[in-house]
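Letter by letter, the chains look like this.
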Amino acid sequence: MILVPHTFRSPWMGSRGRVAEGLVGNLVCGKRERVCRNRAGELVSKLLHLHFKDDKTKVSGDALRLMAELLKIFVVEAAIRSIRQAQAEDLAQVDVEQLEKVLPQLLLDF
Amino acid sequence: MEEEKDAEEQQRLSYQQRLKAAVHYTVGCLCEEVALDKEMQFSKQTIAAISEVTFQQCENFAKDLEMFARHAKRSTINTEDVKLLARRSNSLLKYITEKNEDIAQFNLERKAKKKKKLEDENKNSMEPAEAGVVESEN
């Protein structure tokens, strides 16, 4: 399994109005190294809370950071495995077919 | 009553749409980094597909985490639950465990810094107070 060893963070943007941009978690652009750790998990937190059955369920700060990391790894693994598949098939662009081929193993690994 | 339910459902759906949009944006940024790094290109449909899969996986993760915490008779999800979630692949589990230790280390260092700062501030505020006491005694 390929694992991306480095983590990238980004400072937050966004007020409540611009939800799409503003909820970007700690996942963007590797060059911006400054960490806004307090806000890093807001998107992740909202995503998790959307699916909780019990309203009293909370997530600890450290668990939130770990989850953000896990989700980032998931996305990057999906991307890299699709790229490897496309490279094996000698293609210039990664299409949904390549993703479909790598998806079963990816889901089994997670 | 029916209208209220409909309105609520609408609100929930639109909230879900906004979250999906946020995920799509984040996934897009991440994929772009990877694409630049590997000098390959992603089609828009691929990015959309990855973001859809991520959103759905989040649902599974969230439900599992909640169940793990409830099984341990807790209402707060902690790092042990997340580690249990990552158990399927050995290298993933190892990576998550290392990240957890990094975070714990960072927290310790931050606490030590805060403590030191507090001690320094106390020292500074105590010295003039002591001088004041000495003068009043004289």
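Here, the structure is the one placed above.
All values derive from a computational prediction rather than experimental measurement.

Colleague: Could you give me a rundown of the overall build of chain B, with the residues and numbers involved?
Modeller: If you tally the helices and strands in chain B, you get four helices and two strands. What you see in chain B, going N to C, is helices and strands ordered as α-β-α-β-α-α. Taking 14 Å as the expected radius of gyration for a compact globule of 138 residues, we find that chain B reaches 26 Å, considerably beyond that expectation. C-alpha extents for chain B along the principal axes are approximately 80 × 55 × 35 Å. Buried positions account for 33% of the 138 residues belonging to chain B. Considering only residue pairs separated by 6 or more positions, chain B has 28% of its internal contacts joining residues 24 or more positions apart. Accessible area of chain B: about 9700 Å², with a carbon and sulfur share of 50%. Distance between charge centroids for chain B: 6 Å, based on 23 positive and 27 negative side chains.

Colleague: Can you explain the pattern of salt bridges? Please cite residues and give values.
Modeller: Inspection of the entire model under this criterion finds 11 salt bridges over all chains. The salt bridge involving Lys20 of chain B is made with Glu52 of chain B; its shortest N-O contact spans 3.7 Å. Here Lys20 of chain B is found in helix H1 (residues 2-38), whereas its partner Glu52 of chain B is found in helix H2 (residues 44-71), with 32 residues between them in sequence. Overall, the relative accessible area of 27% leaves Lys20 of chain B in the partly exposed class. Shared partners join several salt bridges into a network, and the residues in it are Glu77, Arg81 and Asp109 of chain A.

Colleague: Tell me about the interface of chain A and chain B, residues and numbers included.
Modeller: Contact with chain A, which involves 66 residues of that partner, is made by 58 residues of chain B. For the pair chain A and chain B, the two sides together bury roughly 5600 Å², of which 74% comes from carbon and sulfur. Of all residues in chain A, Leu50, His51 and Leu66 of chain A give up the largest surface area on contact with chain B, accounting jointly for 13% of the area buried on that side. Inspection of the region where chain A meets chain B yields zero salt bridges. Remark: the boundary between chain A and chain B carries 13 residue pairs in polar contact (both at pLDDT 80 or more). The greatest single-element share of the side of chain A that touches chain B, amounting to 20 residues, is contributed by helix H3 (residues 61-88) of chain A. Each residue belonging to the side of chain A that touches chain B can be placed in one class, and the counts come to 42 nonpolar, 11 polar and 13 charged. Note that strand S2 (residues 93-94) of chain A and strand S1 (residues 41-42) of chain B share two bridges and pair parallel. Residue Val94 of chain A lies in a different strand from S1 of chain B, and its bridge partner there is Phe42 of chain B.

What counts, and at which threshold
- Residues numbered from 1 in each chain as written.
- Chains lettered and ligands numbered in written order.
- Predicted model: local features only at pLDDT ≥ 70, side-chain atom pairs only at ≥ 80, totals over all residues.
- Heavy atoms only, no water.
- Helix = DSSP H or I, 4+ residues; strand = E, 2+ residues; numbered from the N terminus.
- Rg over C-alpha atoms; globule rule 2.2 N^0.38 Å.
- Buried < 20%, exposed > 50% of the residue type's maximum accessible area, 1.4 Å probe, protein only.
- Contact = heavy atoms within 4.5 Å.
- Areas by Shrake-Rupley, 256 points an atom, 1.4 Å probe, with all protein chains shown as cover.
- Lys, Arg positive; Asp, Glu negative; His and termini not counted.
- Charge placed at Lys NZ, Arg CZ, Asp CG, Glu CD.
- Salt bridge = Lys/Arg side-chain N within 4 Å of Asp/Glu carboxyl O.
- Buried area = accessible area lost by both parts, 1.4 Å probe.
- Polar contact = N/O pair within 3.5 Å; in protein donor to acceptor, adjacent residues only side chain to side chain.
- Nonpolar A, V, L, I, M, F, W, Y, C, P; charged D, E, K, R; others polar.
- Pairing = 2+ DSSP bridges.

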